[in-house]
Amino acid sequence: MELTHSDVKAAAERVRGLVRPVTVAQADHTGHLWFALEFLQHTGSFKARGAVNFLLAHRENGTLPEVGVTIASGGNAGLACAWAARSQGIPATVFLPATAPRVKVDRLTSYGADVRLVGTQYADALAASREFADATGALLSHAYDNPLIAAGAGTLMTEIHERIPDLGAVVVAVGGGGLFSGVATTAEHYGVRTVAVEPARCRALHAAIAAGEVVDVEVDSVAADSLGARRASEMALTAARQYDVESVLVDDAAIVAARGALWARRRIAVEHGAATALAAILGDEPAFRPDPGQRVCVVLCGANTDPSDLASWDGRHAD
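What counts, and at which threshold
Residue numbers here run from 1 along each chain, matching the order of that chain's written sequence. Per-residue local features are limited, in this predicted model, to residues with pLDDT of at least 70; the limit for side-chain atom pairs, both in listing and counting, is 80 or more; totals at the level of whole chains, interfaces and linings are taken over all residues. Note: side-chain values were computed over all heavy atoms of the structure, leaving out hydrogens and water. For every residue, the accessible area (1.4 Å probe, protein chains only) is compared with the maximum for its type, and the residue is labelled buried under 20%, exposed over 50%, or partly exposed between those bounds. Only runs of H or I of at least four residues qualify as helices and only runs of E of at least two qualify as strands under DSSP, and these elements are numbered from the N terminus. When DSSP finds two or more bridges between a pair of strands, those strands are recorded as paired. Here an axis means a line fitted to C-alpha atoms, over the contact stretch when the element is a helix, while the angle between two N-to-C directions is reported on a 0 to 180 degree scale. Working definition of a nonpolar core: buried Ala, Val, Leu, Ile, Met, Phe, Trp, Tyr and Cys residues. They are joined through side-chain atoms within 4.5 Å. Residue contacts follow a heavy-atom distance rule, with two residues in contact if any of their heavy atoms lie within 4.5 Å. UniProt positions are given in the numbering used here, feature names are shortened, and annotations may be inferred rather than shown by experiment. It is the directions from the helix axis to the C-beta atoms that the arc portrays. For a helix, the expected span equals 1.5 Å multiplied by the number of residues minus one. In the analysis that follows, any N or O atom pair within 3.5 Å is treated as a polar contact, provided that within protein one partner can donate a hydrogen and the other can accept it, and provided that, for residues neighboring in sequence, both atoms belong to side chains.

### Let's talk about the pairing of strand 10 (residues 295-299)
For strand 10, a buried count of four out of five residues is recorded, marking the element as mostly surrounded by other parts of the structure. For strand 7 (residues 167-173) and strand 10, the ladder comprises four bridges, and the chain directions are parallel. Paired with Ala169 across the bridge in strand 10 is Val296.

### Topic: the sheet that holds strand 1 (residues 24-26)
Judged by pairing direction, the sheet is mixed, and its six strands sit side by side in the order 1-2-10-7-8-9 without closing on themselves. Every interior strand has two partners, whereas the edge strands, strand 1 and strand 9 (245-250), have only one. Averaged over all neighbouring strand pairs, the angle between strand axes comes to 25°, with direction disregarded. Across four bridges, the pairing between strand 2 (residues 33-36) and strand 10 is parallel.

### Focus: the nonpolar core
With 65 residues, the main nonpolar core has Phe35, Ile160, Val171, Phe180 and Val298 as its most contacted residues. Looking at this core element by element, the count peaks at six residues for strand 7. In contact with Ile160, not counting residues within four places along its chain, are Val22, Ala36, Leu167, Cys297 and Val299. Of all hydrophobic cores here, the second largest spans 41 residues; its members include Phe54, Leu64, Ala100 and Ala125.

### Observations regarding the UniProt feature "domain: Tryptophan synthase beta chain-like PALP" (unreviewed entry) in the protein
Feature annotation in UniProt places "domain: Tryptophan synthase beta chain-like PALP" (unreviewed entry) on residues 29-302, given in this structure's numbering. Between the end C-alpha atoms of residues 29-302 the distance is 25 Å, and the span holds 45% helix and 16% strand.

### Points about helix 8 (residues 204-211)
Considered for burial, the residues of helix 8 that qualify are Ala204, Leu205, Ala207 and Ala208. Each buried residue of helix 8 sits inside an arc of 165° when the element is viewed along its axis, so together they form one side. Backbone geometry just after helix 8 places Gly212 at a positive phi near 80°.

### Considering helix 11 (residues 252-266)
For helix 11, with 15 residues, the first-to-last C-alpha span of 21 Å sits near the 21 Å given by 1.5 Å per residue. Three or more residues of helix 11 are buried, namely Asp252, Ile255, Ala258, Arg259, Gly260, Ala261, Leu262 and Ala264. Taken together, the buried residues of helix 11 touch strand 2, strand 8 (193-199), strand 9 and helix 12 (272-279). Arg267 lies just past helix 11 and shows a positive phi near 55°.

### Some words on the environment of Thr63
In this fold, Thr63 is placed in the loop between helix 2 (47-60) and strand 3 (69-72). Distance from Thr63 to Leu139, taken between C-alpha atoms, is 8.1 Å for residues 76 residues apart in sequence. Setting aside residues up to four positions removed in sequence, Thr63 forms contacts with His58 and Leu139. At 2.7 Å, the side chain of Thr63 and the side chain of His58 are in polar contact.

Below, the structure is given as C-alpha cells:
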C-alpha cells in the first residue's frame, strides 16, 4: 500500500478549520533546532488529524454508519476517534489494552466513548475491535494502518514546511507508522529528510526495514503505550524504502531523560512517545547527527501523560 502526496493534499482540504494549525518554536539560539508543538492539538496528539480526515471521507462517500465507529488504540488514536465521532454525531466504541494509562481512559470517557479494556497489548484490543465491527456493522477505524489516517497525519508536515524556511530534516517517533508514513511522504515532496525514531524494544519499522518485510517484534518499552505496535504498516515500510529516510533506535533511559529535560528546561510535559523523537538528538552519542548548519524539526507529537513523575526533574538540566 502506497500513500501519495495527493492523498495528503486532499486531507488538508478536509481538515482545514477543524484541527489546530501546528505551532513551531525555535529550540536553540542558532535557529538550527525547532520543535513542532503538536501536543497542543485537539485531544493532545497528532491523531486528531487522521481521525477527522477518516470520518469526513467516509461521510463524503456515504459509508459512515449510524451505529458509529470502533477502533483499537493504546490511547491517543482512541481519544482522537472519540473526539471526531462526537463532532460528527455518531457513537464511538474504543478498545484499549488493560495496561493503558488511566489518564487516557478517563479522557476517553469524557468524550462520551464506550471504553472496553481487553488483554495487555495493542494486538489484543485490535482483534476485539474487529470482532465488534463484524458483529455490529460499526465502521472499523485503525490507529495507523489506513491511508486516510496516515494522510491526515501528513498534513502536519505540510504545516511544518510552511512555517520553517529551509528545513533540512524532520525527526519523528514511530509506532505502527501512520504519522511516519504521512510525514515521510510529505517531506519527500518538499525535499526534506525524515528521521524515524523508535525505542530499541519497540522497533517495528526498524525490524521491517532490516527484514525487507513487515515482521512481529517484541514490545517492551516505557513508550509502549503509544509506540507499542507489534508490527509496522506496509505503508510505513514502503515509505521507508522509497524516500530519504534514516531509521534510528534509542533506549528507554534516553527517552526518560529527554522527557525530563523538556520539563526541566522548558516546562513542556509530553508523553514518553513524544520524547522518543527528541531522545535521538540528545546525549554524547546521539542516534542522529544533523549535518552542520542543517535545520532540524523535532515533532513533539503527544502530551497525554501523567505529569506527576516530572517533579523529580526540577533543578536538573538548568539552562
